Amino acid sequence: MADPRFFTRRGPFTIAKICELTAAVAAPGSDATSLVTDVAPLGTATSDDLTFLDNTKYLSDLGESGAGFCLLREEHAGRAPVGMTLLFSANPYKAYALAAQTFYAADESAAPSAYVAPGAFVDATARLGENTRVDAGAVIGPGVVVGSNCVIGNGASLSHCLIGDNVRIYPGVRIGQDGFGFAPDPAGHVKVPQLGRVIIENNVEVGANTCIDRGSGPDTVIGSGTWIDNLVQIGHNVVLGKGCIIVAQVGISGSTKLGDFVVVGGQAGIAGHLIIGSGAQIAAKSGIIGNIEAGAVVGGYPAQPLRDWHKQSVILARMVKERKSGK
Amino acid sequence: MADPRFFTRRGPFTIAKICELTAAVAAPGSDATSLVTDVAPLGTATSDDLTFLDNTKYLSDLGESGAGFCLLREEHAGRAPVGMTLLFSANPYKAYALAAQTFYAADESAAPSAYVAPGAFVDATARLGENTRVDAGAVIGPGVVVGSNCVIGNGASLSHCLIGDNVRIYPGVRIGQDGFGFAPDPAGHVKVPQLGRVIIENNVEVGANTCIDRGSGPDTVIGSGTWIDNLVQIGHNVVLGKGCIIVAQVGISGSTKLGDFVVVGGQAGIAGHLIIGSGAQIAAKSGIIGNIEAGAVVGGYPAQPLRDWHKQSVILARMVKERKSGK
Amino acid sequence: MADPRFFTRRGPFTIAKICELTAAVAAPGSDATSLVTDVAPLGTATSDDLTFLDNTKYLSDLGESGAGFCLLREEHAGRAPVGMTLLFSANPYKAYALAAQTFYAADESAAPSAYVAPGAFVDATARLGENTRVDAGAVIGPGVVVGSNCVIGNGASLSHCLIGDNVRIYPGVRIGQDGFGFAPDPAGHVKVPQLGRVIIENNVEVGANTCIDRGSGPDTVIGSGTWIDNLVQIGHNVVLGKGCIIVAQVGISGSTKLGDFVVVGGQAGIAGHLIIGSGAQIAAKSGIIGNIEAGAVVGGYPAQPLRDWHKQSVILARMVKERKSGK
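All values reported here derive from a predicted model rather than from experimental measurement.

## Describing the overall build of chain A
Along the backbone of chain A there are four helices and 37 strands. Across its three principal directions, the C-alpha atoms of chain A cover 80 × 75 × 30 Å. In chain A, buried positions account for 59% of the 327 residues. A fraction of 20% describes how many contacts in chain A between residues 6 or more apart in sequence connect residues 24 or more apart. Summing over all exposed atoms, chain A offers an accessible surface of approximately 12500 Å²; the carbon and sulfur share of this is 54%.

## What about the pairing of strand S6 (residues 69-72) of chain A?
Residue and element names in this part refer to chain A. Across the two faces of S6 the burial is the same, with Phe69 and Leu71 and Cys70 and Leu72 all buried. With three bridges joining them, strand S5 (residues 49-52) and S6 adopt parallel strand pairing. Following the sheet pairing, Phe52 is matched in S6 by Leu71. Both S6 and strand S7 (residues 85-88) contribute to a ladder of four bridges, which runs parallel. By the bridge assignment, Cys70 is partnered in S7 with Leu86.

## Re the relation of the copies chain B and chain A
Take chain B, turn it by 120°, move it 0.0 Å along the axis, and it overlays chain A with an RMSD of 0.1 Å. One copy is carried onto the other by what is essentially a three-fold rotation axis. Little of the interface of chain B is mirrored in chain A, where only 16% of its interface residues are also at the interface.

## With respect to the domain arrangement of chain A
Entries for chain A in the domain assignment read domain 1 (13-103) and domain 2 (110-327). The straight-line distance from the C-alpha centre of domain 1 of chain A to that of domain 2 of chain A is 35 Å.

## Overview of the relation of the copies chain C and chain A
Screw-axis analysis of chain C against chain A gives a translation of 0.0 Å along the axis, an RMSD of 0.1 Å, and a rotation angle of 120°. The share of interface residues of chain C whose copies in chain A are also at the interface is only 14%, consistent with the copies meeting through different surfaces.

## Concerning the packing of aromatic side chains
All names here are of chain B. What the rule picks out here adds up to 27 aromatic pairs over all chains. Seen in terms of ring centroids, Phe6 and Phe7 are 6.4 Å apart; in terms of plane orientation they differ by 75°. Their pairing is edge-to-face. Given a relative accessible area of 12%, Phe6 falls into the buried group. Centroid distance Phe7 to Tyr104: 6.5 Å. Interplanar angle 85°. Geometry classified as edge-to-face. One end of the pair, Phe7, is in the segment before strand S1 (13-14); the other, Tyr104, is in the loop between helix H3 (92-103) and strand S8 (115-116), with 97 residues separating them in the sequence.

## What about the interface of chain C and chain A?
Chain C puts 64 residues into the contact, and the matching count from chain A is 55 residues. Where chain C abuts chain A, roughly 4700 Å² becomes buried across the two surfaces, and 65% of that area is made up of carbon and sulfur atoms. Between the two partners, chain C and chain A, sit four salt bridges. We note a salt bridge from Lys94 of chain A to Asp185 of chain C, for which the minimum N-O separation is 2.4 Å. At the junction of chain C with chain A, the criterion picks out 23 residue pairs in polar contact (both at pLDDT 80 or more). Listed by contribution, the elements that provide at least two residues to the side of chain C that touches chain A are strand S16 (161-163), strand S19 (182-183), strand S20 (190-191) and helix H4 (306-324) of chain C. Among the elements that line the side of chain C that touches chain A, the one with the most residues is H4 of chain C, at eight residues.

## Things to note about the sheet that holds strand S31 (residues 263-264) of chain C
Residue and element names in this part refer to chain C. The strand order across the open sheet built from 11 strands is S8-S11-S14-S17-S22-S25-S28-S31-S34-S36-S37, with neighbouring strands paired in mixed fashion. Strands with a single pairing partner mark the edges of an open sheet, and in this sheet they are strand S8 (115-116) and strand S37 (304-305). The sheet contact formed by strand S14 (residues 151-152) and strand S17 (residues 168-169) spans two bridges and is parallel. Across the sheet, residue Ile152 finds its bridge partner in S17, namely Ile169.

## Quick notes on the packing of helix H4 (residues 306-324) of chain B against H4 of chain C
Direction vectors running N to C along H4 of chain B and H4 of chain C enclose 95°, while the axes themselves pass 9 Å from each other. Between H4 of chain B and H4 of chain C, the angle falls in the class roughly perpendicular. Two secondary-structure elements touch here, H4 of chain B through Asp308, Lys311, Gln312, Val314, Ile315, Leu316, Arg318 and Met319 of chain B and H4 of chain C through Leu316, Met319, Val320, Arg323 and Lys324 of chain C. Looking at the contact of H4 of chain B with H4 of chain C residue by residue, the class counts come to seven nonpolar, one polar and five charged.

## Observations regarding the pairing of strand S5 (residues 49-52) of chain C
By the bridge criterion, two bridges tie strand S4 (residues 38-39) of chain C to S5 of chain C in an arrangement that is parallel. Bridge pairing in S5 of chain C links Asp38 of chain C to Asp49 of chain C.

## Some thoughts on the sheet that holds strand S12 (residues 139-140) of chain C
All names here are of chain C. Taken in spatial order, the nine strands make up an open sheet running S9-S12-S15-S18-S23-S26-S29-S32-S35, and their pairing is parallel. Either end of the sheet is taken by a strand with one partner, and the two such strands are strand S9 (121-122) and strand S35 (287-288). Sheet analysis places strand S23 (residues 211-212) next to strand S26 (residues 233-234), joined by two bridges and oriented parallel. What sits directly across from Ile212, in S26, is Ile234.

## Things to note about the environment of Pro218 of chain B
Its place among the elements puts Pro218 of chain B in the loop between strand S23 (211-212) and strand S24 (220-222). Once residues lying within four places of it in the same chain are set aside, the contact partners of Pro218 of chain B are Gly196, Arg197 and Asn237 of chain B together with Pro41 of chain C.

## What about helix H4 (residues 306-324) of chain A?
Along an α-helix, residues three or four apart share an orientation, since each turn contains 3.6 residues. Taking 1.5 Å as the rise per residue, H4 of chain A with 19 residues should run 27 Å; its terminal C-alpha atoms sit 27 Å apart, in good agreement. Three or more residues of H4 of chain A are buried, namely Asp308, Trp309, Gln312, Ser313, Ile315, Leu316, Met319 and Val320 of chain A. On an axial view of H4 of chain A, the arc spanned by its buried residues comes to 165°, and they lie on one face. Opposite the buried face of H4 of chain A, by more than 90 degrees, sit the exposed residues Arg307, Lys321 and Lys324 of chain A. Lining the buried residues of H4 of chain A we find strand S36 (297-299) and strand S37 (304-305) of chain A, H4 of chain B together with H4 of chain C.

## Quick look at the pattern of salt bridges
Residues and elements named next belong to chain A. According to the stated counting rule, one finds 39 salt bridges over all chains in the structure shown. Where Lys17 meets Glu20, a salt bridge forms, and the shortest distance between an N and an O atom there is 3.9 Å. One end of the pair is Lys17 and the other is Glu20, both in helix H1 (residues 15-22) and three residues apart, which spans about a single turn. Taking relative accessible area as the criterion, Glu20 reaches 59% and is therefore assigned exposed.

## Examining empty space enclosed by the protein
In this structure the tally under the stated criterion is four cavities of 30 Å³ or more. Considering only enclosed or pocket space, the largest cavity measures out at about 130 Å³ in volume. Lining the largest cavity are 15 residues, with Gly137 and Gly155 of chain A, Gly137 and Gly155 of chain B together with Gly137 of chain C positioned closest to its centre. When the residues that make up the lining of the largest cavity are grouped by side-chain class, the tally is three nonpolar, nine polar and three charged. For the second largest cavity, the calculated volume is near 60 Å³.

## Looking at the state of the cysteines
Residue and element names in this part refer to chain C. This structure, assessed with the given rule, holds zero disulfides over all chains. Free cysteine: Cys19, not disulfide-bonded; nearest cysteine sulfur from Cys70 at 12 Å. There is no disulfide at Cys150, and the cysteine sulfur nearest it, in Cys161, is 10 Å away.

Rules used throughout
Residues numbered from 1 in each chain as written. Chains lettered and ligands numbered in written order. Predicted model: local features only at pLDDT ≥ 70, side-chain atom pairs only at ≥ 80, totals over all residues. Heavy atoms only, no water. Helix = DSSP H or I, 4+ residues; strand = E, 2+ residues; numbered from the N terminus. Buried < 20%, exposed > 50% of the residue type's maximum accessible area, 1.4 Å probe, protein only. Contact = heavy atoms within 4.5 Å. Areas by Shrake-Rupley, 256 points an atom, 1.4 Å probe, with all protein chains shown as cover. Pairing = 2+ DSSP bridges. Least-squares fit on C-alpha atoms with pLDDT ≥ 70 in both. Domains from an automatic or database assignment. Phe/Tyr/Trp six-rings, centres within 6.5 Å; stacked < 30°, edge-to-face > 60°. Buried area = accessible area lost by both parts, 1.4 Å probe. Salt bridge = Lys/Arg side-chain N within 4 Å of Asp/Glu carboxyl O. Polar contact = N/O pair within 3.5 Å; in protein donor to acceptor, adjacent residues only side chain to side chain. Axes fitted to C-alpha atoms, helices over the stretch in contact; angles between N-to-C directions. Parallel < 35°, antiparallel > 145°, perpendicular 65-115°, else oblique. Nonpolar A, V, L, I, M, F, W, Y, C, P; charged D, E, K, R; others polar. Expected span 1.5 Å × (residues − 1). Arc of directions from axis to C-beta. 1 Å grid on protein atoms, 1.4 Å probe; cavity = no way out; pocket = protein on both sides within 12 Å on 5 of 7 lines; lining within 4 Å. Points joined across faces, edges and corners; volume = space filled by probe spheres on them. Disulfide = S-S within 2.5 Å.

In structure tokens, the structure reads:
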């Protein structure tokens, strides 16, 4: 079970309740009143625990799991050990997420005002919505507006920005500082005043130590429901659409615009002034130096269709092999 | 216009004044007494605003801009809409920067002493120059010297360093911590005391969450007028010359030395103990594992002349294509 | 000598004492009572200083060094200038590290309790071991346990974690925040509660602004004696073995496990759910998308044996050259 020093568990819940919460369907013959005590990973779950199987890489672990209850796709039922109660779901990971949220719900008592922890600094001209929490060491600058139900993590700093509702800013995040804007000049680079803001829409997560520079005139915008991982760099005037997933250590250069539901793999870099269409998927470590069509799946540097990049790798490996064998 | 919650505008200014400040020349027939109210990007500027055209990628937007005034190169005059007042400059972006600095000047009242915000921590043995500001959450360690007219951003930490004048340290920057110095050993890596400092010369910018380790014996040095973007890693004993431009997420390994005006594109990495000549330009995401000649323009990993790297990409793409077509 | 504003020197010490501390052997004819005043790099050491030669790249500098004393491998003795006292060691860098630790020892007076600097925030339910120091701006969250002889640097934040003894957390480090765990969903990504912890064993260093996410159910674990550089990303459920070396800006994705003494070069990325065997060495900027055998030396993206990657570079360079010459 989760370490009680850090987490508070609720429950137990019947599998009827679990199914109701997750839209899963219990296998025929299951006892709907069986009690589930906790959630746990496949490898450590016990007979009182609910687990899940989604990534088929772990399919062989299913048969050896001691879990009493498991969310999984119906097609994998045959791989489960005898006696395990199976809850079928087309999206077991999502179902597990919803179940786990129930067992380990955040405190639901909404505060009528914001809570500013000791050691946090909020400028007198900033505004914070209800039930928003500012953790120790965080700094909220002049004029900043933060919506309701937000968390501003330890040591994060916000300036020149407007933040929506249900936004989670992780520790050490930097939002709203000057973009990297200057006219290069041998006599001394000439700073271009950065006159825009950062606009963060609702339901956004911004990972630890990520940096989002404010716009140079236009705004930098993060669309609703977008999740950004740790140590990401977002340049000035960048616009991210809704529901994007930006993995750790990605860099997006100034004035580039992403559509909705774009996925960018870890350590990928996107040059400035580009358009990335909705639904595009960019492999980890890719280098993007041209526009990407909506729905395209690309990789490599310069990026190309992912299949072509894989073929290129195969061709190169063969050339190395042939050289070894003296051809 | 810029959000008045965050920015204070001055003006209006006549185009005669703008030309004086920026060394631009108004097109023949312009009325030198016309008043400019604000600066704004090409896409949103109105008839009272000054905009600019520099990147020719946006040339087609010029004809549709509603801007009343535009800084641009004379060769692009024919693309401007009728009625727009044109101010010719060989370097429109620099001219715009100077104009924007005038409209949105920082408060010029120099303070006779440093200002330490509530929630900042300055060691009693540190020294701060006049008109230097230390923002909330920043920490200035023992013995540190900071010059005049500097800004030390929220949550930044400085130790074992000497900082010049007119230096801007962005939020979350880490300067002066131990370099990654140890003798690897199966019985436990043996730490090498890091006995140098970080020396930052005048007019330097250090972007958010960037890390600059102190020297191991020699110093780590950042030359005057160098601009460093966010999330950059500078190892111990690195020396950067004057006027360098280091884009976000670059990593420079220990003891490497860059000349003056070197440009390093985003996410590039430079191995340790190398010499990078003055004026070298390193493409984004490059991997540098050997010395680079002054003035060289390189890309790829291992880096090569940029043209060769482009050719290599073309060759690889053709091989993939030929394989597809069964050749 | 090291800047006395930042460092306190001890000594002098006789070369007999230096040899005793470092297991070095003085060259025949050396006067064991000679006094060494300080340590210094090859290029700046004077006649009273001890220096070292390890990286043969600097062998040509040895002859011109003004150092009075030098730790080096015996095979390089002939390259030393006349009059320099030579101390032979099979591992000169380690020997120098030990000598330098003696000249610049940390204050050895162990405190019977932890020291929490002004401006640090320690939750009432957290526990700190003796002689542990929490620097200004650091935040220690509820339930966190930190062992003895640790340093928690400026502005670092720790939550949901258990930290061993002799651990150094550098400024701006983020430990224990939620991992990047959610079920992607067009209606809004569904957060998976992150119910694990971060376990950091003894004698670990975690570099500035590095992020270590807590486990999603299992724990994230950093093995004893592992050194992590700056700006590294460690995803949830990652397990690092003992004595690993993780260079700056590396990213390790969720649920990947490294054995002992794995070395990962700067800016390399490792995908999720992989196994990296003990002793593997991964070149800088590599992209790892499959398991790596113990002891393997790999590079490139996708990673391959390092020699093959070098051959590939040679082949590509030749193709570019042939294309130039019209073949």
